[in-house]
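Working through the structure, step by step
As a plain string of letters, each chain reads:
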Amino acid sequence: MSQDPKASLRNAALHFHQHPKPGKLEINPSKPLANARDLALAYSPGVAAPCEEIAADPEKAYAYTSKGNLVAVISNGTAVLGLGNIGALASKPVMEGKAVLFKKFAGIDSIDIEVNESDPKKFVEIVAPLEPSFGGINLEDIKAPDCFDIEENLRARMNIPVFHDDQHGTAIIVAAAVLNAMKLVGKNIAQVKICTSGAGAAAIACMNMLVTVGAQRENIYLADRQGIVTKKRANSVDRWRGAFAQDTDATELAEVMAGADIYVGLSSAGALKPEMIREMARDPLILALSNPIPEIMPELAIAERPDAMICTGRSDYPNQVNNVLCFPFIFRGALDAGATTINDDMKRAAAYAIAQLAHEPVLESLGSEAAATFGSGYLIPSPFDQRLILRIAPAVAQAAMDSGVSRRPVQDMRAYQDSLKRFVFRSGLVMKPMIERAQGQGKRIAFADGEDERVLRATQVILEEAIGRPVLIGRPSVIEQRIERFGLTIKAERDFEIINPEDDPRYREYVSLFHDLVGRKGVTLDTARTIVRTNTTVIGALAVHRGEADALICGLQGSFIKHARDIRSIIGLADDSAQLSALSMLIMSKGVFFLADTYMNIDPSAAEIVQIALQARDHLKRFNIDAKAALLSYSNFGSRDGASSEKMRAVYSLLKQAAPDLLVEGEMQGDLAINSALRERYLASTAFQGEANLLIFPSLEASNVSMTLLAELNNALVVGPILMGTKRPAHILAPTVTARGIVNMSAIAAAEALGV
C-alpha cells in the first residue's frame, strides 16, 4: 500500500532536517586559519587593532567585522506559520529556514535567535541590546497585536533596520500585485473598493501599504472574527484596526462585497464564499492568501467569475505571494546603504520594483509557459526570478538615500548594480571584459538552435546589452510564435536575421559550397542537399565560412563530436592549429579555474598539449587574466615514472622553449597546483606563487572527470566549453546550458571575432 502523501512529505522533511547532520545552518570562517600567524591576526594579539579602531569610531565596525552583512532572525514562536503559538524552541526550524533564504537569495549572513518570552515589553528589553551584533533585525512569527508594539518600540530604540516580515513582506508583494492588476484592467487605485478578511499583522500591514501606494482609507473594509471593523465597535478594536473603521451599519463582510474591486484574504480556508464574489466589480482581483488552503480555491473562483485575477500563497498556482520575493532584497539594499531603518519610502520602492519586473520578459523558463508574460496569470514575478535582487536592492538603497536614512550612501550606483549582477550571475566579474569588448561592435552570431527557448531568451539579452547581432537558424513561423508565447519584445529583421532551413534563397549556394568542402570525404551531391536542409550546425558553419556571420553557437541537440566534425570540415582549423580542443571555465567560491582539454582529444601527444596550453593562455588574456599553468599528473617533479608523467615532463620542456614568458610549473599532482606551500616542499622556488588558474591534463579522461567532479562538489558554475583551434569562432554548447550561459558564450564568441 502506498504511503499517504502528507505522511510521506512529513517523513521526508524530518529526514531532510536531521541528515547528514541536524539543522540547516553552520558557521564557516571567512579568513584563513592555517598557521600561527593567521591565528595571531585573527585573535590575540592582532585582534586588538580593530577593537581599538571601533572603540574610537563605531562606524569602523562595518569595515572590520561582519556586522554590515549580518541579520538576526528573531521570534518568540507565538504565531508560527499555520501552527499557532508553538513556542520559541519549536519555531527554530522556521527561523533557521529564514536564515538560509537570506544567504541563498541575497548573500546575507544570518543567525536565528529564538527568545522564550511572550511579554512584549520584556521581549523588547531582550532584543534591543543586541544592536551592536547585527546590521539588521528580522522579526518573525510574532502574534498580533504584540508584533505591532514590539516593532514600534524596537524601531524607536535601535539605529539599525527592524522589519517584521510577516507584516511588511506580505504587504509589499500584495501592493505589487494590486498595482499590476489595476494597471492591467485599467482601474485607478485611488478609486477601487477593497474588502479584507483577517485583521492580523499581515492584513493591517497590507492595508497600510496599499494606502502608501495610493488606495484611500475610506474605500477599505476590514473584517475580523467579529465582522466588519466599524466606528460603532470602538471598544472592541485596537488602534491599528481602528484606523480602518468604517461608518456603516453593515456588520458582515458579505454585506459590503458588492462592487468590490479587490478582495484580500489573510484569514482562514473557505472564508470567501462563491456567492460573495458574484457581485464584485468587473475584472476583480482576489488575493486568497490563507495557507495551505486559501479562502477560496482558484478553480472555484474562476468557475464563478471567469474574469477574476487570482493570487494565492501556494506554489502550485500562478501569482504566488511569497515573502521571499522581497525580504532578502530589501535587507540587501538597506544594509548596503547603511540604512538606520526601513521606512515607507523604501517599502514603496520595493513594491514598484517588483511590479515593474513582471512586465519584463523572463530570462530563464520557470517551468510554466503561462507565467512567461505579463497578464492575469503573471501579475508578480516568480520567487525564483534571479533579477529580483537586481531590481529591488538598488531601488531600496536609492530610497534610503533619498529619504535621508542612509549612513553609508552607495557612491557608485552602477558599480553597485554590477556587484549584484556578479552575485546573481556568478560569471559576471570574469565575463565583464568579454562583454565590454563585444558591446556595440555589432558582431553577427549565428545560432544553430534558433528555435530553442533558451536561445530566444538569450537573444533578448544579447540585444539589450548590445553584445552582438543574432542570426537565428530556424523556421520563421516557429520563431515568431515562440517569441510571442514567451513574452519577448524582439522582432525578426528589425533585431535579428533568420536563416530558414526550409526556404532560404541561398540554399543552392550553400549546397554547392558544402559539396566543394566535403565532396572528397564521401559526401555526394544528393547527400549534401539533404544535410544542408536538415543540419543547422552545417548551415551556421556555412554562413560563417561565407562571411554572413562572424561566429557560430551550436550544440543544444546532438553529440559534441558530431558538431566538432562539422565545424572542422566547414570552418576549418586556424593556421597555427593541428587539432581542435576545448577549454572549460569553472567559477567556484575558491576562484576561477580553466581546465584543458575537457572534451576533444582522448590521448594528446606532448606537442599537441603544448599547442592546447598556448591556445588556452591566449583565451585567458581575453578575460584579462594572466595564465598560471599547472601541468598535472600523478607524479610530482619526477617522483614517479610512467607514460603520463613522462609526457607531462616533455610538455614542460617544450613549453619553456616555445613560450619562455609563460608561468608554467609541473609535472605535479592537483593539490600542489592549488597549494603553493605544498609545492615548495618539492621546490624551494617555483614559477608562480599562489594557485594555478590554468590546469593542463595529460588525457581527456583525466580532464573531463576532474571537471565534472569539481563542478558537482563545489556547486561550480561552468562556462564553456570554449572550442579552441578554429579558423573563425565557433562554440558547442552543453545541452544543459541556461540562457545566461548562452549569453556568456555569445560574448566570448563576439570578442574572439574581434581578434582581441
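Residues numbered from 1 in each chain as written. Predicted model: local features only at pLDDT ≥ 70, side-chain atom pairs only at ≥ 80, totals over all residues. Heavy atoms only, no water.

With that settled, consider the overall build of the protein chain. Looking only at helices and strands, the protein chain has 29 helices and 21 strands in total. For 756 residues, the compact-globule formula gives about 27 Å, and the C-alpha radius of gyration of the protein chain, at 30 Å, lands near that figure. Dimensions of the protein chain, computed from the C-alpha atoms along their principal axes, are close to 95 × 75 × 60 Å. Per-residue burial for the protein chain yields a buried fraction of 53% across its 756 residues. Taking contacts inside the protein chain between residues at least 6 apart in sequence as the whole, the part at least 24 apart equals 71%. Surface accessibility of the protein chain: about 33,500 Å² in total, with carbon and sulfur atoms responsible for 52%. A distance of 2 Å separates the average location of the 79 positive side-chain charges in the protein chain from that of its 88 negative side-chain charges. (Helix = DSSP H or I, 4+ residues; strand = E, 2+ residues; numbered from the N terminus. Rg over C-alpha atoms; globule rule 2.2 N^0.38 Å. Buried < 20%, exposed > 50% of the residue type's maximum accessible area, 1.4 Å probe, protein only. Contact = heavy atoms within 4.5 Å. Areas by Shrake-Rupley, 256 points an atom, 1.4 Å probe, with all protein chains shown as cover. Lys, Arg positive; Asp, Glu negative; His and termini not counted. Charge placed at Lys NZ, Arg CZ, Asp CG, Glu CD.)

Let's shift gears to the sheet that holds strand S16 (residues 591–596). Taken together, the six strands give an open sheet; going across it, the order is S18-S17-S19-S16-S15-S20, and neighbouring strands pair in mixed fashion. Each end of this open sheet is capped by a strand with a single partner; those strands are strand S18 (663–668) and strand S20 (717–724). Geometrically, the sheet is characterised by an average inter-axis angle of 20 degrees between neighbouring strands, direction not taken into account. Sheet topology places strand S17 (residues 628–632) next to strand S19 (residues 694–696); three bridges connect them, and they run parallel. Among the inter-strand pairings, Ala629 is bridged to a residue of S19, identified as Leu694. (Pairing = 2+ DSSP bridges. Axes fitted to C-alpha atoms, helices over the stretch in contact; angles between N-to-C directions.)

Its place among the elements puts Asp575 in the loop between helix H23 (560–570) and strand S15 (581–588). Distance in space between the C-alpha atoms of Asp575 and Lys727 is 7.1 Å, their sequence separation being 152 residues. A distance of 3.2 Å separates a polar atom in the side chain of Asp575 from a polar atom in the side chain of Lys727. (Polar contact = N/O pair within 3.5 Å; in protein donor to acceptor, adjacent residues only side chain to side chain.)

Looking now at the pairing of strand S10 (residues 309–312). Here S10 shows no split at all, with Met309 and Cys311 on one side and Ile310 and Thr312 on the other all buried. As paired elements, strand S9 (residues 285–288) and S10 share four bridges and run parallel to each other. Along S10, the bridge assignment pairs Ile286 with Ile310. For the handedness criterion, the β-α-β arrangement of S9, helix H12 (residues 298–304) and S10 is classed as right-handed. (Right-handed = clockwise from strand over helix to strand, strands pointing away.)

Next up on the list: the side chain of Lys347. Examined against the element boundaries, Lys347 turns out to sit in helix H14 (residues 344–357). Residue classification places Lys347 among the buried residues on the basis of a relative accessible area of 7%. Of the polar contacts made by the side chain of Lys347, one reaches the side chain of His168; its length is 3.4 Å. Ignoring anything within four residues of it in the chain, the contact list for Lys347 reads Phe163, His168, Ile172, Met209 and Ile342.

What follows covers the environment of Phe514. Counting through the fold element by element, Phe514 comes out in helix H20 (residues 507–518). Taking the C-alpha atoms as reference, Phe514 lies 66 Å from Phe134; in sequence the two are 380 residues apart. Residue contacts for Phe514: discarding those within four places in its chain leaves Gly519, Val523, Ala528, Ile531, Val532, Val538, Leu542 and Ile570.

Okay, the packing of aromatic side chains next. Taken as a whole, this structure holds seven aromatic pairs when the rule is applied. Ring geometry for Phe163 versus Phe331: centroids 5.8 Å apart, planes at 85 degrees, classification edge-to-face. Here Phe163, found in strand S4 (residues 162–164), pairs with Phe331, found in helix H13 (residues 327–336); they are 168 residues apart in sequence, far enough to count as distant. Across the pair, Phe331 and Phe163 agree in class, each one buried. Consider the rings of Phe560 and Tyr599, whose centres lie 4.8 Å apart with planes at 25 degrees: the pair is stacked. On the criterion of sequence distance, the pair formed by Phe560 in helix H23 and Tyr599 in the loop between S16 and helix H24 (606–622) is long-range, its members being 39 residues apart. (Phe/Tyr/Trp six-rings, centres within 6.5 Å; stacked < 30°, edge-to-face > 60°.)

With that out of the way, let us pick up the pattern of salt bridges. Under the defined criterion, the tally for this structure stands at 43 salt bridges. Ionic pairing is found between Glu140 and Lys98, a salt bridge with its closest N-O pair at 2.5 Å. A residue pair is termed long-range when its members are at least 10 positions apart, and Glu140 in the loop between strand S3 (136–139) and helix H7 (146–157) and Lys98 in helix H5 (residues 92–106) qualify at 42 residues. The same class applies to Glu140 as to Lys98, namely buried. Residues Arg332 and Asp336 are paired through a salt bridge, measuring 2.9 Å at the closest nitrogen-oxygen approach. Taken together, the positions of Arg332 and Asp336, both in helix H13 and four residues apart, correspond to about one turn of that helix. Given the relative accessible area of 10%, Arg332 is considered buried. (Salt bridge = Lys/Arg side-chain N within 4 Å of Asp/Glu carboxyl O.)

With parallel pairing, four strands are arranged side by side in an open sheet as S2-S1-S3-S4. The open sheet is flanked by strand S2 (109–114) and S4, the only strands paired with a single partner. Going across the sheet, the axis of each strand differs from the next one's by a mean of 20 degrees, ignoring polarity. Where S3 and S4 come together, three bridges link them in parallel fashion. Looking at the pairing, Ile137 lines up with Val162 of S4.

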